[in-house]
Amino acid sequence: MAVTDVGGARAVQRVDNDIDADTQLDLLRVMLRIRCFEERAEALFLAGELPGFIHLSIGQEACAAGACLALRRDDYITSTHRGHGHCLAKCAPAERMMAELFAKATGSCKGKGGSMHIADFSVGMLGANGIVGGGANLAVGAAIAARLRQTDQVALCFFGDGAANRGTVHEASNLAAVWKLPVIFFCENNRYASTTAAGAALSIENVADRAAGYGMPGVIVDGNDALAVHRVVREWAAHARSGGGPVLIEAKTYRMRGHYVGDPQLYRATDEVEAQRARDPIDRLAATLAGAGLLDLARLERLRAEVAEEIEAAVRFARESPLPSPEDALADLYVNPIERMP
Amino acid sequence: MAVATAPRTETGARTLTYVEALNEALREEMRRDPAVFVMGEDVAVWGGGGVFGVTKGLVEEFGEARVRDTPISEEIIAASAIGAAATGTRPVAEIMYVDFIGLAMEPIVNQAAKMRYMFGGKISIPVVIRAQQGGGRGNAAQHSQSLEAWFAHIPGLKVVVPTTPADAKGLLKTAIRDDNPVIFLEHKVLYFTKGEVPEGEYTIPFGQADVKREGTDVTVVGIHTQVLEALKAAEELESEGISVEVIDPRTVSPLDIDTIVSSVKKTGRLVVSHQAYEQGGVGGEIIARVVDVAFDYLDAPPQRVCGKNVPVPYAESLERAALPYKEEIVAAIRRVL
Ligand SMILES: Cc1ncc(C[n+]2csc(CCOP(=O)(O)OP(=O)(O)O)c2C)c(N)n1
Ligand SMILES: [Mg+2]
């Protein structure tokens, strides 16, 4: 991990706080839940059980888990089109999410939103987003509101390497820095934006290097190292919470699956993907925990089994849930429904 | 490319998909005029060519200077295309989903549509902005809208909404050759529909509606998928002796109101259908213009069969309820008969 100061000069890692054993195990559990949820969703989609399209974050679980577990329940996140992991890590219930993917009336959004629009305001998850870069300015809004309400909440905005080139991200970064807002801009650089390699759309190597131009610190972290992500977000969330202003964290990760399920992936070689398997964030954390004596094979298997059972229950719940009824198409538009709407 | 192997029909035309027809139009215009170039997100992927393959093979033939993959920056995709159009080129810019075009509305509405007028007619902006729209694929609220009315509202723009592969090809060629800003809206559900496409060079003029089926009892004007739904409704009602005329305006700005009015003068009844939200939609405009000049010919109040006034929901049962299909057109026809 490296930390870039406001001037763009790189400094060494500032703090190396310990992460307690429970949190380390939680990180692993959350990553396993995300992986299991998404592998299941992928299979269900391919079997024709889920409509629309879905984007998977397989390979990027350390970003979601590391970041969200460093936040409080009442902190906010804004997510992306690749948001299942963010949502699960922020403690949205898996069964409601799965039901949403199935387009059922019991889904987190009553079947109206689907994979790309899952939200759960009760846990501060302000929404996945079908608009790339759509969350950045919303996160700034949430941070403004927190300041107006005089709470010490922070807002973390997940966005991709592709989104980094949206005007919204530049505008959000500038305003957050000018107003010293408690925003954590968390870029998951997974090396691709759909078919476009990150490097083909960025004239510099690191998104984090842009931080200097906004007047905020920029940090690069190994996005496949859950502990490193967790440490960085914990540190900078505390900084933002205490009035220190925003930060731009770039997590270097890799999208192991296609852009969407069914993507033929003509734009990258299979060797490239294979080579990334060695960086698998779950295997890595499991090995670290085992090395530290916090995990043995039996415990890992037990954890996997528990998680698989939870996700299977979510699938059962989703399958058995009713479809929304057609009249519901007209509900939920306004707070007080407008009478005689056509 | 598919064209070489496309099956030939008895009439000598070939059967192509809507995507293939659009691809052929781009390819032919790029060959004809070196000033034509394409840019947008993921348009230049080798072997791929955009999310739906409309630009497939173009980078291989024309190179990366004329088939430009952009960052995810919708405003500059539109705005730089407008700037390039003002200075001697003919860009065809792509916005991947029309839902994202809000991000590019400022340059489209305040620059492209107004520059020539504001500058006293001294310049022209020969830009085409392509986007695809529409629901019916479970893509939910931010990837399913039909927004032709946004652009039809703006003087200075032309707005094209082709339904068949043949129309898509001929109209795209016209759009590229037009010296004005053109918003060219494709429909994602139509992309893989097939139809006959004439051999050889042809273009289709803007502002010329096409009567897709002749009839005498009721006029149905449809946009995009709703032309096909109207044709299905016409087929169904034929067995009951009800004769439905189906008109595809093909461009909503300019709008060929004359063809619609003469049809209504014959049938005395009008139904208008689009997937776009009913409120503020192009349907209301069409009806108003018919009522203006043919009020006395109408035997019943004109009907709109449109998207419900809600965002397009994800669940199939909800999406079906929110979007108009054949059944609703049939019901509207029965109401006016
Ligand atoms: C404003 C906007 N433009 C384009 C798209 C289409 N689109 C969806 S995801 C995507 C790529 C996003 O890349 P990145 O930000 O790196 O996120 P990743 O997919 O890698 O998670 C694109 C172009 C969109 N949804 N919204
Ligand atoms: Mg990316």
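From a predicted model like this one, the values you see are computed outputs, not experimental measurements.

Reading guide: rules and limits
- Numbering of residues begins from 1 in every chain and follows the order in which that chain's sequence is written.
- For this description, chains carry letters from A and ligands carry numbers from 1, given in the order in which they are written.
- Local features in this predicted model are restricted to residues of pLDDT 70 or higher, and side-chain atom pairs are both shown and tallied only at a pLDDT of 80 or more, whereas totals for entire chains, interfaces and linings draw on every residue.
- Note that water and hydrogens are dropped before the side-chain values are worked out from all heavy atoms of the structure.
- Each domain's extent is set by a domain assignment, obtained either automatically or from a database.
- Any pair of residues with heavy atoms lying within 4.5 Å of one another is described as a contacting pair.
- When two parts are put together, the accessible area they lose, computed with a 1.4 Å probe and summed over both, is reported as buried area.
- Salt bridges are defined as contacts in which a side-chain nitrogen from Lys or Arg sits within 4 Å of a carboxyl oxygen from Asp or Glu.
- In the analysis that follows, any N or O atom pair within 3.5 Å is treated as a polar contact, provided that within protein one partner can donate a hydrogen and the other can accept it, and provided that, for residues neighboring in sequence, both atoms belong to side chains.
- Strands are runs of DSSP state E lasting at least two residues, helices are runs of H or I lasting at least four, and both sets are numbered from the N terminus onward.
- Exposed residues in this analysis have more than 50% of their type's maximum accessible area, buried residues have under 20%, and partly exposed residues fall in between, with area computed by a 1.4 Å probe over protein chains only.
- His residues and chain termini do not enter the charge count, which takes Lys and Arg as positive and Asp and Glu as negative.
- For two strands to be treated as a pair, DSSP must find no fewer than two bridges joining them.
- With strands facing away from the observer, any crossover in which the path from the first strand over the helix to the second runs clockwise is taken as right-handed.
- Ligating atoms shown are N, O and S within 2.8 Å of the metal, or 3.2 Å for Na, K and Ca, and water is not included, meaning a site may look less than complete.
- Throughout this document, a residue counts as near a molecule or strand when at least one of its heavy atoms sits within 4 Å of that molecule or strand.
- Areas reported here follow the Shrake-Rupley algorithm with a probe of radius 1.4 Å; residue values treat only the protein chains shown as occluding.
- Three classes are used, and their members are as follows: Ala, Val, Leu, Ile, Met, Phe, Trp, Tyr, Cys and Pro are nonpolar, Asp, Glu, Lys and Arg are charged, and the others, Gly among them, are polar.
- Two rings from Phe, Tyr or Trp (for Trp, the six-membered ring) form a pair when their centres are within 6.5 Å of each other. A pair whose planes differ by under 30 degrees is stacked, one over 60 is edge-to-face, and the rest are tilted.
- By the criterion adopted, a ring carries a charge over it if an Arg CZ or a Lys NZ lies within 6 Å of its centre and within 35 degrees of its normal.
- Fitted lines through C-alpha atoms give the axes, limited to the stretch in contact for helices. The angle between two N-to-C directions lies from 0 to 180 degrees.
- We call a set of buried residues a nonpolar core when its members are Ala, Val, Leu, Ile, Met, Phe, Trp, Tyr or Cys and they connect through side-chain atoms within 4.5 Å of each other.
- pLDDT measures the predictor's confidence residue by residue and takes values from 0 up to 100.
- For cavity detection a 1 Å grid was placed over the protein atoms alone, and a set of points counts as a cavity when a 1.4 Å probe fits there but cannot get out; an open set counts as a pocket when protein lies on both sides within 12 Å along at least five of seven lines, with lining residues being those that have an atom within 4 Å of a point.
- Grid points are joined across faces, edges and corners, and a volume is the space filled by probe spheres set on the points.

**A look at the domain arrangement of chain B**
Residues and elements named next belong to chain B.
Phase 1 of the analysis: Domain parsing of chain B yields domain 1 (14-196) and domain 2 (210-336).
Phase 2 of the analysis: The distance between the C-alpha centroids of domain 1 and domain 2 comes to 26 Å.
Phase 3 of the analysis: Every contact between the two is made by 30 residues of domain 1 and, on the other side, 27 residues of domain 2.
Phase 4 of the analysis: Summed over both partners, the interface of domain 1 with domain 2 comes to about 2100 Å²; 60% of that surface belongs to carbon and sulfur atoms.
Phase 5 of the analysis: Put simply, domain 1 and domain 2 have 2 salt bridges between them.
Phase 6 of the analysis: R250 serves as the salt-bridge partner of D167, at 3.0 Å between the closest nitrogen and oxygen.
Phase 7 of the analysis: Our count for the contact surface shared by domain 1 and domain 2 stands at 17 residue pairs in polar contact (both at pLDDT 80 or more).

**Some words on the interface of chain A and chain B**
Phase 1 of the analysis: Taken together, the contact pairs 39 residues of chain A with 33 residues of chain B.
Phase 2 of the analysis: In this assembly, chain A packs against chain B so that about 2700 Å² is buried in total across both faces, 64% of it on carbon and sulfur atoms.
Phase 3 of the analysis: The tally of links between chain A and chain B comes to 1 salt bridge.
Phase 4 of the analysis: Linking A:R166 and B:E74 is a salt bridge whose minimum nitrogen-to-oxygen distance equals 3.7 Å.

**Concerning the side chain of B:D33**
Residues and elements named next belong to chain B.
Phase 1 of the analysis: Assignment of secondary structure puts D33 in the loop between α2 (18-32) and β2 (36-40).
Phase 2 of the analysis: R32 provides the closest opposite charge to the buried, salt-bridge-free D33, at an N-O distance of 4.3 Å.
Phase 3 of the analysis: Ignoring sequence-local partners within four residues, the contact set of D33 consists of R66 and R90.

**Side note on the pairing of strand β7 (residues 182-187) of chain B**
Residue and element names in this part refer to chain B.
Phase 1 of the analysis: A large share of β7 lies buried, amounting to 6 of its 6 residues.
Phase 2 of the analysis: Burial of β7 is two-sided: the residues V182, F184 and E186 facing one way and the residues I183, L185 and H187 facing the other way are all buried.
Phase 3 of the analysis: As defined by bridge partners, strand β5 (residues 128-133) adjoins β7 across 6 bridges and the pair is classed as parallel. Within β7, the position partnered with I129 by the bridge is I183.
Phase 4 of the analysis: Bridging between strand β6 (residues 158-160) and β7 involves 3 bridges; their strand directions are parallel. Paired with K158 across the bridge in β7 is V182.
Phase 5 of the analysis: The β-α-β motif built from β6, the intervening helix α8 (residues 165-177) and the parallel element β7 has right-handed crossover chirality.

**As for the coordination of the magnesium ion (ligand 2)**
Residue and element names in this part refer to chain A.
Phase 1 of the analysis: The coordination sphere of the magnesium ion (ligand 2) contains the protein donors D161 (OD), N190 (OD1) and Y192 (O), at a distance range of 2.0 to 2.1 Å.
Phase 2 of the analysis: On the primary sequence, the residues serving as donors to the magnesium ion (ligand 2) are separated as D-x28-N-x1-Y. Neither residue differs from the other here; N190 and Y192 are each classed as buried.

**As for the site of ligand 1**
Phase 1 of the analysis: Taken together, 22 residues form the shell around ligand 1, and within it A:H81, A:R82, A:G130, A:N190 and B:E74 come nearest.
Phase 2 of the analysis: Within the backbone of A:G130, a nitrogen or oxygen atom sits 2.7 Å from a nitrogen atom of ligand 1.
Phase 3 of the analysis: In this structure, A:G162 approaches ligand 1 through a main-chain N or O atom, which is 2.8 Å from an oxygen atom.
Phase 4 of the analysis: Look at ligand 1: alone it shows 580 Å² of surface, and the protein chains cover 96% of it.
Phase 5 of the analysis: Within the shell around ligand 1, the residues separate by chemical class into 9 nonpolar, 8 polar and 5 charged.

**What to know about the packing of aromatic side chains**
Residues and elements named next belong to chain B.
Phase 1 of the analysis: What the rule picks out here adds up to 9 aromatic pairs over all chains.
Phase 2 of the analysis: For the pair Y97 and F100, a centre-to-centre distance of 5.4 Å together with 45 degrees between the ring planes defines the contact as tilted.
Phase 3 of the analysis: Residue classification places Y97 among the buried positions, given a relative accessible area of 6%.
Phase 4 of the analysis: In this structure, R320 packs its charged tip against the face of Y325, placed 4.0 Å from the ring centre.

**Quick notes on the sheet that holds strand β11 (residues 244-248) of chain B**
Adjacent strands of a sheet form backbone hydrogen bonds with each other and so pair up, either parallel or antiparallel.
Residues and elements named next belong to chain B.
Phase 1 of the analysis: With respect to topology, 5 strands assemble into an open sheet ordered β9-β11-β10-β13-β14, the strand pairing being mixed. Edge positions in the open sheet fall to β9 (210-213) and β14 (303-307), since each of these has one partner strand only. When the angles between neighbouring strand axes are averaged without regard to direction, this sheet yields 25 degrees.
Phase 2 of the analysis: Across the face of the sheet, helix α11 (residues 282-294) comes into contact with β10 (218-222), β13 (270-277) and β14 while running at roughly 155 degrees to β13.

**Some details on the nonpolar core**
Phase 1 of the analysis: Membership of the largest hydrophobic core comes to 90 residues, with the highest contact counts inside it found for B:F151 and B:I260.
Phase 2 of the analysis: Beyond its immediate sequence surroundings of up to four residues, B:F151 is in contact with B:V98, B:I101, B:M105, B:I108, B:L157, B:V159, B:I183 and B:L185.
Phase 3 of the analysis: Counting residues in hydrophobic clusters, the runner-up holds 78 residues, among them A:L25, A:A41, A:W236 and A:L303.

**Thoughts on the pattern of salt bridges**
Residue and element names in this part refer to chain B.
Phase 1 of the analysis: For the structure shown, the criterion picks out 45 salt bridges over all chains.
Phase 2 of the analysis: The shortest N-O distance in the salt bridge between R14 and E24 comes to 2.9 Å. With R14 in strand β1 (residues 14-17) and E24 in helix α2, the pair connects residues that are 10 residues apart, well separated along the chain. Here R14 and E24 have matching classes, each one buried.
Phase 3 of the analysis: In the salt-bridge network here, residues are joined through shared partners; they are R14, E24, E28, E29, R32, K169, K173, R177, E199 and E201.

**Observations concerning the confidence of the model for chain B**
All names here are of chain B.
Phase 1 of the analysis: In this model, chain B carries a mean pLDDT of 95, and residues with pLDDT of at least 70 account for 96%.
Phase 2 of the analysis: Confidence drops under a pLDDT of 50 for residues 1-6, and excluding neighbours within four residues, the segment shows 11 contacts in the predicted structure.
Phase 3 of the analysis: Reported for the predicted complex are a pTM of 0.90 and an ipTM of 0.84.

**With respect to empty space enclosed by the protein**
Residue and element names in this part refer to chain B.
Phase 1 of the analysis: Enumeration over the complete set of coordinates arrives at 6 cavities of 30 Å³ or more.
Phase 2 of the analysis: In this structure, the largest cavity is lined by 14 residues; those nearest its centre are F52, V54, E94, R130 and Y191.
Phase 3 of the analysis: Ranked by residues supplied to the lining of the largest cavity, first place goes to β5 with 3 residues.
Phase 4 of the analysis: Taken together, the residues of the lining of the largest cavity sort by class into 7 nonpolar, 4 polar and 3 charged.

**With respect to the sheet that holds β6(B)**
Residue and element names in this part refer to chain B.
Phase 1 of the analysis: Taken in spatial order, the 7 strands of this open sheet run β3-β2-β4-β5-β7-β6-β12, and their pairing is mixed. The open sheet terminates on both sides in strands that have one partner only, identified here as β3 (67-69) and β12 (251-253). Neighbouring strand axes in the sheet, compared pairwise and without regard to direction, differ in orientation by 20 degrees on average.
Phase 2 of the analysis: Bridge analysis of strand β4 (residues 90-95) against β5 gives 4 bridges, and the strand direction is parallel.

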